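Chain by chain, the residues run as shown.
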Amino acid sequence: MLDHFTVFTKGGVVLWSCAFSTLRGQPVDDLVREVLVEERTGERAFESGPYTVKWTLANELNLVFVAVYQKILQLAYVEDLLRTARRAFTEMFAETLQECLTVVAVPKDRFVAFDAKFASIVRKLEEREYTSRANRAPRRFEDTKKYQNTLEGSRGRKGDEASMKRSNTRDTTDASAEDSADADGIRRNVEALRLRGGPGKRGGKSSKNGGSAASSKAPKKAPRKKRVWDGSATAEEAKALDFSQGGDGADADVAAEQLIDRAALGSQTRDGLYNVRSLGDAGASGSDQASDEDSDDDDDDASAGGGGGMYSFFQRITGQKAITESDLAPVMSAMKEHLVKKNVAAHIADHLCKSVSEGIVGMKLGTFKSVKAEVKRQMETALTRILTPRTSLDVLRDIFAARDEHRPYTMVFVGVNGVGKSTNLSKTCFWLLQNRLSVLIAACDTFRSGAVEQLRVHARNLRALEQTARIELYERGYGKDAAGIAKDAVSYAKANKFDVVLVDTAGRMQDNEPLMRSLSKLVSVNNPDKIIFVGEALVGNEAVDQLTKFNQALKDFSGLQRPRQIDGIILTKFDTIDDKVGAALSMTFITGQPILFVGTGQTYTDLKSMNVSHVVQALLRD
Amino acid sequence: MSTTAPAATHSHASAGKNEVALFGLPALLLIVAIVSIAIAAVYLRRASGVKADSILLVGARGSGKTNMLARLEHDAWVETHTSLKDNSVMVALDDEGKLCTRVIDVPGHEKLRYQTHHFTPVARGIVFVLDAARLGKDIRQVAEYLYDILTDSRVAQREIPILLACHKADLATAYAPKRCREMLETEIDRIRVTRTAAVDSQTAEQEQHSAAERYLGYEGETFRFDHLPNDVQEVACSSLQETSEANDRLGSVKEWMADVAAGRT
């Protein structure tokens, strides 16, 4: 089922891995490159070739856990597996892992002990998955809630409950070593229940009453029900029920009991399958509160290590406390708001904050360090990573390479109306001319009146500015097919030995399908070296829509097997926005492509390259 | 501040001694306060002063830096994935373990490379790891990275020695170190032209002497590593362990590191 499971440090060293088959390609490396480095950890799964890759992080120990399986399989238990494995691994090798923080060459045989443990975890989860699949058939009437309300059903219920309880006890007592997977599942169910039973949803008079009554009477646990003695208990069961001796077994029992709340338990089908009780169940609401408290207590115990108040006091003083999600939530929402104020598209800010908190949860704070400062620091690295280009920005080097191959280098400028395509095309042209390159401008905006004349004026100006420059305008008037003109221009450039062809296209709204089709045609017919999206820095949320739809159109309408995508971005009107530079972030995050230039003014020389650290500082400035 | 603090402490301390007899306890407290301030000042100066005592392992991703580091540290073979964070370990450079140095493996992913510039202040030497078998294909990316390192202001100013470690030399398709050096020289010669012709940075007015503006080598001449103030050497190496000479495969890198750590270059 599973193809590959691996545990490695953020430094890149594999600590433990388990291959069930030989992997094709490098899905794990792809994951690191395309998800973890790009700050897209807010997502849940990643597809690479024939595989789906899921992962989880253990930040306090710098670990990454990755599971790889075939894309066509629907393995619902993988997330559970990752979480269970993470817990088991970090517990088993706590000391060794501390060492790993300072050493690279960790002998792999130190983690061999995990083989058996992992196998048992997988087996357990697979079994559970299997049984839940097998039981996906419609329930019998006798199992439904409706049946319980019938006369017959209410009679039979008492006996049922008793038998259910017995099987429960048996479950928790045997195999205490192996039940971490079960305990994990139950804890998850409890969590899910708590989430669904939020205060907002718990309207209604009856449930409210029930809730307050239950919590006032029994703050921790709902009252226990009577145990039915039918006189036929096996020796094992009898032993399990004997609480008089406080042995290890009893301890395990108590620990397991704390994790769950009997009253909030769902129903259990005949063959021991556990179903989470749905929120609508009568009487469930009161116990939500109790289970909530219970699990909270449990969390505290786990983090404090049971050292008592003094210990945790000193921990707080020395600041050696791991950051929890609840610590982060307020800081993160403030950070998100801050980013949105800087004109970052809302859902990108959201995504980014999620990703950053994924990377922080579990980290230990140093002395005198606040969560806020840590978040800011992490956000700074995240922003730098996103804005740092993945590919070379050296367009000139590409042009020289093309010249060596005796072909013109083609750049197509695309974008919505009025963002400054023609203006920035002419600025780019000026820069190329200064580097003694010959340029042909193809006027493929055959729609807007005056577009060709605008370019003609630019060409004339540029020729006047640079005496030695070789610049020409290739135009065929209005109303013609843009793709055809571009093609003619490229062959003209080739025949006349131009170095660069700059193709100006008509501005178009991303929703206008006929126009997007014609753009896609232009791209697929000419296969340009660079497709440059021109966007203005003033856009906020719209940036996301524009870029996704342009990319989507290039993909959908191309008819090619390997459709082209936007290769780079020119961000215009950058001088008008002060420090609200969010558009730069939104655009690079959406496309993963670099910002080649920013337009910063009205003259030909106002084309600059973007300074990443400058933008990051502007984004974080208060 | 750091130069004046000790002097000020002395004068205060001597004044304090006279006052002990007069004022007793308050004066004693005053002395304690002054001494602790002095200690804090010294401590702060220590913290702010950076000691350049590390050797960096840099290079494009997939060139085998993390692997090489494990080999250098414990002569162990580790399986690796693309690094997300830097690895930093102490490496013993001679058999007795007297000569040790910190070696930092900087992630080579394009988006994480900017971290290199955070480490150059602590660098005493830089090992530029390259995949000798793939250099023909990757020459542009590799040369650009090397160019970025060479133009880093601290690398140039402090004349940090650089070793071109042509890794994976065990592969049949690997280029010889001399050839790698020549290829890099040719490519950097081209990059030098395009980079200096690139559009100005957005904030270029404020930082006139920024790193990117530095011109490598001599104008009007083809670029050679010899033109640089830095000492640039090249060696072939491999982290593979299958023969008995395995130790020798990284031996040349280790030797170079030992020279750098001992200050012999």
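Residues numbered from 1 in each chain as written. Chains lettered and ligands numbered in written order. Predicted model: local features only at pLDDT ≥ 70, side-chain atom pairs only at ≥ 80, totals over all residues. Heavy atoms only, no water.

Which entries qualify depends on this criterion: UniProt positions are given in the numbering used here, feature names are shortened, and annotations may be inferred rather than shown by experiment.
As annotated in an unreviewed UniProt entry, chain B carries the name Signal recognition particle receptor subunit beta and is attributed to Thamnocephalis sphaerospora. The UniProt entry for chain B carries the following comment under Subcellular location (unreviewed entry): "Endoplasmic reticulum membrane".

Going by the annotation in an unreviewed UniProt entry, the name recorded for chain A is SRP54-type protein, with Thamnocephalis sphaerospora given as the source organism. Turning to chain A, the UniProt annotation filed under Subcellular location (unreviewed entry) states: "Endoplasmic reticulum membrane".

### Let's talk about the overall build of chain A
Test applied: Put simply, DSSP marks the helices as runs of H or I at least four residues long and the strands as runs of E at least two long, and each gets a number from the N terminus on. The rule is simple: take the accessible area with a 1.4 Å probe, protein chains only, and divide by the maximum for that residue type; under 20% is buried, over 50% is exposed, in between is partly exposed. We call two residues contacting when some pair of their heavy atoms lies within 4.5 Å. Only the protein chains shown count as covering a residue, and every accessible area follows the Shrake-Rupley method with a 1.4 Å probe.
Each helix and strand counted, chain A has 23 helices and 13 strands in total. Here chain A holds 622 residues, and 48% of them are scored as buried. Sequence separation of 24 or more characterises 74% of the internal contacts of chain A that already satisfy a separation of 6 or more. As presented, chain A carries roughly 31000 Å² of accessible surface, and 52% of it is formed by carbon and sulfur atoms.

### Notes on the overall build of chain B
If you tally the helices and strands in chain B, you get nine helices and six strands. Counting every position in chain B, which comprises 265 residues, the buried fraction comes to 46%. In the structure as shown, chain B presents an accessible area of about 13400 Å², 53% of it carried by carbon and sulfur atoms.

### Points about the interface of chain B and chain A
Worth spelling out the cut-off: Salt bridge, as used here, is a side-chain nitrogen of Lys or Arg placed within 4 Å of a carboxyl oxygen of Asp or Glu. By the criterion applied in these results, polar contacts are pairs of N or O atoms within 3.5 Å in which, for protein atoms, one can donate a hydrogen and the other can accept it, and in which residues neighboring in sequence qualify only through two side-chain atoms. Asp, Glu, Lys and Arg are counted as charged, while Ala, Val, Leu, Ile, Met, Phe, Trp, Tyr, Cys and Pro are counted as nonpolar; the rest, among them Gly, fall into the polar class.
Residue-level contacts link 40 residues of chain B with 48 residues of chain A. Between Glu38 of chain A and Lys111 of chain B there is a salt bridge, with its nearest N and O atoms 3.5 Å apart. Counting across the interface, chain B meets chain A through 19 residue pairs in polar contact (both at pLDDT 80 or more). For the side of chain B that touches chain A, the elements supplying multiple residues, two or more each, are helix 3 (65-74), strand 2 (87-92), helix 5 (135-150) and helix 7 (177-197) of chain B. The leading source of residues in the side of chain B that touches chain A is helix 7 of chain B, at seven residues. Broken down by class, the residue content of the side of chain B that touches chain A amounts to 13 nonpolar, 13 polar and 14 charged.

### Quick look at the sheet that holds strand 4 (residues 51-58) of chain A
Residues and elements named next belong to chain A. Put simply, the rule is: Here, a strand pair is defined by DSSP locating no fewer than two bridges between the strands. Axes, fitted as lines to C-alpha atoms, cover a helix only where it is in contact. Angles between the N-to-C directions of the axes lie from 0 to 180 degrees.
Spatial ordering of the open sheet is given by 2-1-5-4-3, a layout of five strands whose pairing is antiparallel. On the outer flanks of this sheet lie strand 2 (14-19) and strand 3 (45-48), each paired with one strand and no other. Averaged over neighbouring strand pairs, the angle between their axes works out to 20° when direction is ignored. Where strand 3 meets strand 4, four bridges bridge the pair, whose relative direction is antiparallel.

### Concerning helix 13 (residues 325-341) of chain A
Quick reminder: α-helices carry 3.6 residues per turn. Residues three or four places apart thus point the same way. Residue and element names in this part refer to chain A. Put simply, the test is: In this scheme, a helix's expected span is set at 1.5 Å multiplied by one less than its residue total. Consider a residue and the seven residues that end there alongside the seven that start there; fitting an axis to each set, the bend is the angle between those axes.
If you check helix 13, its first and last C-alpha atoms are 24 Å apart, about what 17 residues at 1.5 Å a residue would give, namely 24 Å. Its axis deflected by about 25° at Val331, helix 13 carries its strongest bend there. Where helix 13 ends, the next residue or the one after it, Asn343, has phi of about 75°, a positive value.

### A closer look at the packing of aromatic side chains
All names here are of chain A. This is how it is decided: Put simply, two rings from Phe, Tyr or Trp (the six-membered ring, in Trp's case) pair if the centres are within 6.5 Å, and we call them stacked under 30 degrees between planes, edge-to-face over 60, tilted for the rest.
Going through the model one piece at a time under the given rule, you end up with 18 aromatic pairs over all chains. With centroids separated by 5.3 Å and ring planes inclined at 70°, the aromatic side chains of Trp431 and Phe597 adopt a geometry described as edge-to-face. Taken together, the positions of Trp431 in helix 17 (residues 421-434) and Phe597 in strand 12 (residues 595-599) put the pair 166 residues apart, joining distant regions of the chain. When sorted by exposure, Trp431 lands in the same class as Phe597, which is buried. Ring geometry for Phe533 versus Phe550: centroids 5.3 Å apart, planes at 75°, classification edge-to-face. Taken together, the residues span a long stretch of sequence, with Phe533 in strand 10 (residues 530-536) and Phe550 in helix 21 (residues 542-556) at a distance of 17 residues.

### Looking at the packing of helix 14 (residues 346-360) of chain A against helix 22 (residues 582-591) of chain A
Residue and element names in this part refer to chain A. Worth spelling out the cut-off: Here roughly perpendicular refers to angles of 65 to 115 degrees, roughly parallel to angles under 35, roughly antiparallel to angles over 145, and oblique to all remaining angles.
Direction vectors running N to C along helix 14 and helix 22 enclose 70°, while the axes themselves pass 10 Å from each other. The angle between helix 14 and helix 22 falls in the class roughly perpendicular. Across the interface between the two elements, Ile348, His351 and Leu352 from helix 14 touch Leu585, Ser586, Phe589 and Ile590 from helix 22. Counted by class, the contact of helix 14 with helix 22 contains five nonpolar, two polar and no charged residues.

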